[in-house]
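# Inside the fold
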Amino acid sequence: YEENDELDVNFVKYELDKAESKMHRASLIQISLIVISLLILLQIYKIMQERERQTEIDKALAEENSRAKTSFLSNMSHEIRTPMNTILGFSEVLLKEKNLTEEVVKSDTKNIHDAGVTLLDLINYILDISRIESNKEQVINKDYDLQTLVFEVNSIFTSKINSKEITFEINVDPNLPRQYCGDYTKMCKIIVNILVNALNYTNYGKITLDIHEKQHD
């Protein structure tokens with residue numbers, strides 16, 4: 001009987017060890033599943049945070065674009081009123097004046113023409129912005145004459161500084177070729193915009209445009 005009792009004890013111990021081993025493995029599996037679940041939840045949380053951050057960035061950009069458009073329209077409204085008032089004012093003078101002289105007609109007509117050019121530039125600028133936003137802007141390359149470009153830049157920019165005590169000077173390197181290939185209209189606008197930016201920060205003195213070949217090292 002003692003031998004049988006010993007066998008029974010060993011069997012019970014074996015079964016207990018076996019059960020304990022199974023419980024240990026089950027616990028490890030449960031812990032592993034919990035860890036995996038936590039990692040998945042953490043990743044989902046990170047993704048949600050990133051999406052929320054991107055949403056905030058997109059919202060901020062949209063608000064900034066909206067403010068920029070509002071400011072642009074406000075500035076354009078002011079810029080458009082100036083040449084329009086010039087055109088209407090001098091036109092009214094010409095219509096009401098009974099004793100017109102050739103000098104007065106030429107002077108007022110020139111002012112109307114300059115204001116019309118400025119107004120046309122503003123309209124083209126607005127259209128350019130619209131084309132850029134709609135991804136329809138195109139670069140039109142064609143041959144153009146440098147002297148013609150310089151003359152037009154001078155005409156447009158000079159009309160903008162009549163009300164200020166500022167002189168404008170253009171220096172062109174005589175060794176430059178006369179013929180170039182590119183988008184003449186955009187080139188002219190770029191140069192004029194740079195000059196207008198200089199004009200905005202200049203109350204008196206001289207603005208100089210130097211056109212020369214870039215020296216390479």
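Structure: above.
The sections below set out a description of the structure shown in this document. (Residues numbered from 1 in each chain as written. Predicted model: local features only at pLDDT ≥ 70, side-chain atom pairs only at ≥ 80, totals over all residues. Heavy atoms only, no water.)

### What about the pattern of salt bridges?
Enumeration over the complete set of coordinates arrives at five salt bridges. Taking the shortest distance from any N to any O, the salt bridge between Arg53 and Glu50 comes out at 2.8 Å. Of this pair, Arg53 and Glu50 both sit in helix α1 (residues 2–96), three residues apart, roughly one helical turn. Glu50 sits in the partly exposed class, given a relative accessible area of 39%. (Salt bridge = Lys/Arg side-chain N within 4 Å of Asp/Glu carboxyl O. Helix = DSSP H or I, 4+ residues; strand = E, 2+ residues; numbered from the N terminus. Buried < 20%, exposed > 50% of the residue type's maximum accessible area, 1.4 Å probe, protein only.)

### Some thoughts on the packing of aromatic side chains
Tallied over the entire structure, the rule returns three aromatic pairs. Taking 6.2 Å as the distance between ring centres and 25° as the angle between the ring planes, the aromatic pair formed by Tyr144 and Tyr180 counts as stacked. One end of the pair, Tyr144, is in strand β1 (residues 142–145); the other, Tyr180, is in strand β3 (residues 179–182), with 36 residues separating them in the sequence. Assessed through its relative accessible area of 10%, Tyr144 is described here as buried. Members of the aromatic cluster, connected to one another through ring pairs, are Tyr144, Tyr180 and Tyr184. (Phe/Tyr/Trp six-rings, centres within 6.5 Å; stacked < 30°, edge-to-face > 60°.)

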